[in-house]
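Working through the structure, step by step
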Protein chains: 2
Amino acid sequence: MTMPAIDAPRFLDRLAALARIGRDADGRLMRLAASDADRAGRDALAGWMREAGLEVRIDRIGNVIGLWDPAGRAAAPVMIGSHIDTVIDAGIYDGCAGVLAGLAVIESLARAGRTPTRPLALAAFTNEEGVRYTPDMMGSLVYAGGLPVEAALATTGTDGTVLGEELVRIGYAGPEAPGFLQPHAYVELHVEQGPVLEREGVAIGAVEDLQGISWQEVTIEGTANHAGTTPMSLRRDAGVAAALLVTWLRERARAGNGRSVATVGRLRLEPDAINVIPARAILTVDLRDPEAGRLAAFEADLAARLDALAREEAVTVTVRRLARFDPVTFDPGIVRAIEAAARARGLSVRRMTSGAGHDAQMMARICPAAMIFVPSAGGISHNPAERTADADLVAGAEVLLDVVQALSGA
Amino acid sequence: MTMPAIDAPRFLDRLAALARIGRDADGRLMRLAASDADRAGRDALAGWMREAGLEVRIDRIGNVIGLWDPAGRAAAPVMIGSHIDTVIDAGIYDGCAGVLAGLAVIESLARAGRTPTRPLALAAFTNEEGVRYTPDMMGSLVYAGGLPVEAALATTGTDGTVLGEELVRIGYAGPEAPGFLQPHAYVELHVEQGPVLEREGVAIGAVEDLQGISWQEVTIEGTANHAGTTPMSLRRDAGVAAALLVTWLRERARAGNGRSVATVGRLRLEPDAINVIPARAILTVDLRDPEAGRLAAFEADLAARLDALAREEAVTVTVRRLARFDPVTFDPGIVRAIEAAARARGLSVRRMTSGAGHDAQMMARICPAAMIFVPSAGGISHNPAERTADADLVAGAEVLLDVVQALSGA
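Keep in mind the model is a prediction, meaning the values are calculated, not measured.

Observations regarding the packing of aromatic side chains
All names here are of chain A. Tallied over the full model, the rule gives 8 aromatic pairs over all chains. Centre to centre, the rings of Phe 125 and Tyr 186 are 6.2 Å apart; their planes meet at 45 degrees, and the pair counts as tilted. Residue Phe 125 is found in the loop between strand E4 (120-124) and helix H4 (138-143), and its partner Tyr 186 is found in strand E5 (residues 185-191); the two are separated by 61 residues along the sequence. Exposure remark for Phe 125: the relative accessible area of 3% places this residue in the buried category.

Some words on the UniProt feature "domain: Peptidase M20 dimerisation" (unreviewed entry) in chain A
The residues that UniProt annotates with the feature "domain: Peptidase M20 dimerisation" (unreviewed entry) are residues 211-312 of chain A. Measuring from the first to the last C-alpha atom of residues 211-312 of chain A gives 33 Å, for a span that is 38% helix and 26% strand.

Some details on the UniProt feature "binding site: Zn(2+) 2" (unreviewed entry) in chain A
In the numbering used here, UniProt assigns the feature "binding site: Zn(2+) 2" (unreviewed entry) to Asp94(A), Glu129(A) and His382(A). Sequence-wise these annotated residues cover 289 residues; spatially they are packed, their C-alpha atoms never more than 9.8 Å apart. One can find Asp94(A) in the loop between strand E3 (78-82) and helix H3 (96-111). Classification of Asp94(A) as buried rests on a relative accessible area of 6%. Those residues in contact with Asp94(A) that sit more than four places away from it in its chain are His83(A), Glu129(A), His190(A), Val191(A), Gln193(A), Ser381(A), His382(A) and Glu386(A). With respect to the helices and strands, Glu129(A) occurs in the loop between E4 and H4. Residue class for Glu129(A) comes out buried when judged on its relative accessible area of 3%. Once residues within four sequence positions are removed from consideration, Glu129(A) is found in contact with His83(A), Asp85(A), Thr86(A), Val87(A), Asp94(A), Asp136(A), Trp215(A), His382(A) and Asn275(B).

Looking at the environment of Glu129(A)
Taking the C-alpha atoms as reference, Glu129(A) lies 28 Å from Pro9(A); in sequence the two are 120 residues apart. Within polar-contact distance, the side chain of Glu129(A) engages the side chain of His382(A) at 3.1 Å.

Considerations on the environment of Ala19(B)
Residues and elements named next belong to chain B. With respect to the helices and strands, Ala 19 occurs in helix H1 (residues 8-19). The exposure class of Ala 19 is buried, given its relative accessible area of 8%. Through-space distance from the C-alpha of Ala 19 to that of Thr 156 is 27 Å; in sequence the pair is 137 residues apart.

Considerations on the pattern of salt bridges
Residue and element names in this part refer to chain A. Counting across every chain of the model gives 66 salt bridges over all chains. Close ionic contact of Glu 339 with Arg 351 constitutes a salt bridge, the shortest N to O distance being 2.8 Å. Pair noted here: Glu 339 is in helix H10 (residues 332-344) and Arg 351 is in strand E13 (residues 349-354), with a separation of 12 residues, a long-range link. Residue class for Glu 339 comes out buried when judged on its relative accessible area of 11%. Two residues, Glu 398 and Arg 345, come together in a salt bridge whose shortest N-O distance is 3.7 Å. With Glu 398 in helix H12 (residues 390-408) and Arg 345 in the loop between H10 and E13, this residue pair connects regions lying 53 residues apart in the sequence. Given the relative accessible area of 36%, Arg 345 is considered partly exposed. Salt bridges sharing common partners tie together Asp 36, Arg 39, Arg 132, Asp 159, Glu 166 and Arg 169.

Quick look at helix H12 (residues 390-408) of chain B
Helix length check: H12(B) (19 residues) gives 27 Å between terminal C-alpha atoms against 27 Å at 1.5 Å per residue, within 8%. A positive backbone phi angle near 70 degrees is found at Gly409(B), which sits one or two residues after H12(B).

Regarding the packing of helix H8 (residues 238-255) of chain A against helix H8 (residues 238-255) of chain B
At a minimum axis separation of 8 Å, H8(A) and H8(B) run at an interaxial angle of 125 degrees. Taken as axis vectors, H8(A) and H8(B) run oblique relative to one another. For H8(A) against H8(B), the interelement crossing comes out left-handed. Within the contact between the two elements, H8(A) uses Gly239(A), Val240(A), Ala243(A), Leu244(A), Val246(A), Thr247(A) and Arg250(A) and H8(B) uses Gly239(B), Val240(B), Ala243(B), Leu244(B), Val246(B), Thr247(B) and Arg250(B). The residue makeup of the contact of H8(A) with H8(B), split by class, is 8 nonpolar, 4 polar and 2 charged.

Some points on the interface of chain A and chain B
In this assembly, 62 residues from chain A lie in contact with 62 residues from chain B. Taking both sides of the interface into account, the surface hidden between chain A and chain B amounts to around 5100 Å²; carbon and sulfur atoms contribute 61%. Sorting the residues of chain A by area buried against chain B places Met232(A), Arg250(A) and Ile274(A) first, and these three jointly supply 15% of that buried surface. Counting every contact that joins chain A to chain B gives 4 salt bridges. One salt bridge in this structure joins Arg250(A) and Glu313(B), with 2.7 Å as the shortest N-O distance. For the interface between chain A and chain B, the tally reads 20 residue pairs in polar contact (both at pLDDT 80 or more). Mapped by element, the contributors of at least two residues to the side of chain A that touches chain B are H8, strand E8 (261-263), strand E9 (267-270) and strand E10 (280-289) of chain A. Here the side of chain A that touches chain B takes 9 residues from H8(A), the largest share from any one element.

Quick notes on the relation of the copies chain A and chain B
Superposing chain A onto chain B requires a rotation of 180 degrees together with a translation of 0.0 Å along the rotation axis, leaving an RMSD of 0.1 Å. In short, the pair behaves as if placed about a two-fold rotation axis. No C-alpha of chain A approaches the rotation axis more nearly than that of Ala243(A), which lies at 2.2 Å. A shared binding surface is used by both copies, with 100% of the interface residues of chain A retained as interface residues in chain B.

Examining the domain arrangement of chain A
Residue and element names in this part refer to chain A. Its domain assignment divides chain A into domain 1 (8-210 + 327-408) and domain 2 (212-325). Averaged C-alpha coordinates put domain 1 and domain 2 at centres separated by 33 Å. In this complex, domain 1 contributes 17 residues to the contact, which on the side of domain 2 involves 13 residues. Interface area lost by domain 1 to domain 2 is led by Thr 134, Asp 136 and Pro 327, which between them contribute 43%. For the interface between domain 1 and domain 2, the tally reads 0 salt bridges. One can count 0 residue pairs in polar contact (both at pLDDT 80 or more) joining domain 1 with domain 2.

The rules behind each value
- Residues numbered from 1 in each chain as written.
- Chains lettered and ligands numbered in written order.
- Predicted model: local features only at pLDDT ≥ 70, side-chain atom pairs only at ≥ 80, totals over all residues.
- Heavy atoms only, no water.
- Phe/Tyr/Trp six-rings, centres within 6.5 Å; stacked < 30°, edge-to-face > 60°.
- Helix = DSSP H or I, 4+ residues; strand = E, 2+ residues; numbered from the N terminus.
- Buried < 20%, exposed > 50% of the residue type's maximum accessible area, 1.4 Å probe, protein only.
- UniProt positions renumbered as here; feature names shortened; annotations may be inferred.
- Contact = heavy atoms within 4.5 Å.
- Polar contact = N/O pair within 3.5 Å; in protein donor to acceptor, adjacent residues only side chain to side chain.
- Salt bridge = Lys/Arg side-chain N within 4 Å of Asp/Glu carboxyl O.
- Expected span 1.5 Å × (residues − 1).
- Axes fitted to C-alpha atoms, helices over the stretch in contact; angles between N-to-C directions.
- Parallel < 35°, antiparallel > 145°, perpendicular 65-115°, else oblique.
- Left-handed = near helix turned anticlockwise from the far one by under 90°.
- Nonpolar A, V, L, I, M, F, W, Y, C, P; charged D, E, K, R; others polar.
- Buried area = accessible area lost by both parts, 1.4 Å probe.
- Least-squares fit on C-alpha atoms with pLDDT ≥ 70 in both.
- Domains from an automatic or database assignment.

As structure tokens, this is what we get:
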């Protein structure tokens, strides 16, 4: 019988086609979760799934799941997944490469006339990026039972919209209960979004664990006053306090063993006038570390720093937890299968830690899971310059194919 | 004949009435220049001027000027002025107290049947605050010939509007050429917006000079990248660079002799996402000092710091000058007249420097000018908590009356 093989041109063409969907007036890729652009991307993906013979099912949180069960066995499926929502001014690979590689895998098995002993399910999870609605990885978190679907649907976005209403508006508030398919196993292909594989010249990353994430929103309240008449010594400047926090976070992260990272991605001042001392600063703090103890220690140091800042700068500080995920250890058996598949194809492979959060960490709560990484040029991601070589993408899809065959008996 | 006297209740009632105009949905006072709220405030003021027998004239930059010339002498007028536009979430005294005190002065002279040898002109200048359009003090700057009216009208606001179009929209694009009345002298009453008078228990400030102002917009460009996968050592974080600048500005201002002040009132990050390292930070820098040499030295140190920051943080820095005004020395004769009037009424008085910019500094370019300050509770301004006691406001208006009489021969 014929050997299944990835149709590379078709896989890459679809990646390019999806990359054209959801551009803003300035040409920036911006397929924010549950937006009109996201709807257009979902429509294209669902269409491709149906062409490939998949049954498209939508759950209440908007996850798009394509089911392929040629043998009609209705057993626990092997699930392949990722996401197609993006950040603002995004690259074209993050998430999309994994979803479309999964589609290419199923098509290659179908073309080769395989009937796996287990169904295959391809998932595109809602709102992985968490730019418009928090927390991120929301669709897979809800699917895995980590967040009640009602709570997720009630989330208010940065633009004041409510996720549940937006899903209805774009036609992706589905009937299925999140988690309606209990997977036998979950595998996700993703671009590394970091510099390790490229720097070491390694083709495949077998991701064995994933760093923990702590997201907090810090609000600092001082006193608005006239920028010209208020002596420096009499100011309660929320902006200066925020700046001191930003610089402290970098020093604290640098002081670690190089595994901790800290980022302030959002910072807003009020009243936001040139000649008025800021009365309020609202900023987000993103802390990550692969080791649970170190992440908790960083959070404790941050809390202590905020107390000291409130005293030293005579400001009031309030903190709101936006998201918190402990580090995750993936399934050793699937990680070994990824290594074995890579070696069998003559591809260099290394075990590694994921620096980013991924849907796989949520799915790991309900089934054995692991991830396949492919190199990111310059380690750049969440940026239009994000790039992975075609050959690396195809190699990753081929390893995914082999691992899925092994897990599904195809 | 009867002595002119300020009608205190009427003066204070009008101040309260103007304070009710231009509140937003949250009750915040926000009469930004050339907005619908500003239109409503201008309409109220123009109505009161006409009731008082003033001829209301509007110039091309929207300055509202009420002329009172009972003797029909058409000589160079003594001008009293300030502004009624406000910052965001403003107090009720800044600007408004001076304009309405001027109206009270003219009414008191009219009631007493005085016919001054010189006409009196009451001016409410456009866009003194500079929140929506820069530079601030724009109306008086244009009136004094310091900025071509065409350039001012072409200014694009923070909300993308064009000032000239907004003035037409609200009906205050007048026919008069800015500067159409060459004043014999200019006097402005204003709340101190600082803590000096209250702290020293002095009723009246005779403002003899005004500190210089330097406004710049700094844009810092780094690289957007993933907050989880990018090691601290490989980041080009525009937000961190901005924070380092904010903290440096405070230290540099504190290192001075207590006369220099530095403020970052606006700061914006892009792309403004929790999990993306900021690619761009755009912030405003407001530097002030009463001594020209010290202000220039601060600006030079800032330029040097920005060069160093670009090197140290591997970012690119560009600077745009928004406004620049040298320190101003007011007319010694008018300053003495203010002191004399205060003493004659048994009011404590001291000479002082204005920490804020005022329309008077622009008018000082074309005629003898000076200012009268009254105490600000707690030194607070540009804030809803801004407050000046009624008795202090009335005392200031009475000193203004005496000075205007002396200058106009009323």
